[in-house]
Amino acid sequence: MTDTILPRAFYDQPTLDLAKALLGKLLVHETSEGICSGYIVETEAYRGPDDQAAHSYNNLRTKRTEVMFGENGHCYAHVMHTHCLINVVSGGVDRPEGVLIRALEPVDGIDLMYKRREKAQRDKDLTSGPGKLTKALNITKADYGKSFFQPPLYIAEGKEVSQISMGPRIGIDNSGEAKDYPWRFWETGNPYVSR
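All values reported here derive from a predicted model rather than from experimental measurement. (Residues numbered from 1 in each chain as written. Predicted model: local features only at pLDDT ≥ 70, side-chain atom pairs only at ≥ 80, totals over all residues. Heavy atoms only, no water.)

> Account for the packing of aromatic side chains, naming residues and giving values.
If you walk through the whole model with that rule in mind, you get 4 aromatic pairs. Ring geometry for Y11 against F149: centres 6.3 Å apart, planes inclined by 45 degrees, an arrangement best described as tilted. Note that Y11 is positioned in the segment before α1 (15-21) and F149 in strand β6 (residues 149-150), a separation of 138 residues in sequence. Overall, F149 belongs to the buried group, its relative accessible area being 14%. (Phe/Tyr/Trp six-rings, centres within 6.5 Å; stacked < 30°, edge-to-face > 60°. Helix = DSSP H or I, 4+ residues; strand = E, 2+ residues; numbered from the N terminus. Buried < 20%, exposed > 50% of the residue type's maximum accessible area, 1.4 Å probe, protein only.)

Next up, the structure:
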């Protein structure tokens, strides 16, 4: 399939800018079962060392966060409450920042997404959350460290987003003042946004 894959250089922009720039881009996963993809409609930025909500707060460097200290544009996959979540590494080498992909608008492989997400009743429920979209696209911890600029897991040019909304991030209540930072971005009015 390989649509126009975003080049490595695309990821070399400040994390908050990247979180907005990713909206409308196409996240694609090619698997042996088939190809699934969706337009990114919601993201959250995490600004690493200075952001209490980030796994890399205070430059915490562990086996889990190691990829975040590397090159931009790689996949930081981690498990939270039994769900695999994926982030795009940003910030530059030794500046561990990232952008969580929170929701997609399904494009390709919708039947396969329903097979993987048996409880989903309608298209809107397939990928409207960070754990839902990884299950629908069969993205797992095994994708940790892969780059987003070459198959099988990649981000490609998508569609233009006319308006972007912003507000506080979700599910980080125990992170001090960071819980109020308006670093969640979404395509205004898109029905596939998580909530």
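> Pulling in residues and values, what's your account of the nonpolar core?
In terms of nonpolar packing, the biggest core is built from 34 residues, with Y11, L22, L27, I86, I101, F148 and I155 touching the most fellow members. If you look at the next biggest cluster of nonpolar residues, it comprises 7 residues, including L85, L100, I172 and A178. (Core = buried A, V, L, I, M, F, W, Y, C linked by side-chain atoms within 4.5 Å.)

> Summarise unusual backbone geometry; cite the residues concerned and give the values.
Following P151, the chain continues to P152 via a peptide bond in cis, the omega torsion being 15 degrees. Relative to the helices and strands, P152 resides in the loop between β6 and β7 (153-156). Located in the positive-phi region is D94, a residue other than glycine, with phi close to 65 degrees. When you line up the elements, D94 lands in the loop between β4 (83-90) and β5 (97-108).

> I'd like a description of the environment of G131, backed by residues and values.
Examined against the element boundaries, G131 turns out to sit in helix α4 (residues 130-137). Separated by 62 residues in the primary sequence, G131 and V193 have C-alpha atoms spaced 13 Å apart. Non-local contacts of G131, meaning those with residues more than four positions away in its chain, are made with H83, C84 and L85. (Contact = heavy atoms within 4.5 Å.)

> Please give an account of the pattern of salt bridges that cites residues and values.
The final tally for this structure, using the stated rule, is 18 salt bridges. Across the pair K115 and E33 runs a salt bridge whose closest N-O atoms are separated by 3.8 Å. Separated by 82 residues along the polypeptide, K115 in helix α2 (residues 110-116) and E33 in the loop between β1 (26-31) and β2 (34-46) bring together distant segments of the chain. According to the relative accessible area criterion, K115 is exposed, its value standing at 57%. Taking relative accessible area as the criterion, E33 reaches 44% and is therefore assigned partly exposed. (Salt bridge = Lys/Arg side-chain N within 4 Å of Asp/Glu carboxyl O.)

> Explain the side chain of T134 to me, using residue names and the numbers behind them.
With respect to the element layout, T134 can be found in helix α4. Here P130 takes part through its backbone oxygen, which lies 3.5 Å from a polar atom of the side chain of T134. Excluding its chain neighbours within four sequence positions, the residues that come into contact with T134 are C84, L85, I86 and I139. (Polar contact = N/O pair within 3.5 Å; in protein donor to acceptor, adjacent residues only side chain to side chain.)

> Any details on α4? Residues and values, ideally.
Buried residues dominate α4, accounting for 6 of its 8 residues. Of the positions making up α4, those classed as buried are P130, G131, L133, T134, A136 and L137. If you follow the buried residues of α4, they end up packed against β1, β2, β4, β5, α2 and α3 (123-126). Of the residues trailing α4, N138 is marked for its positive phi of about 55 degrees.

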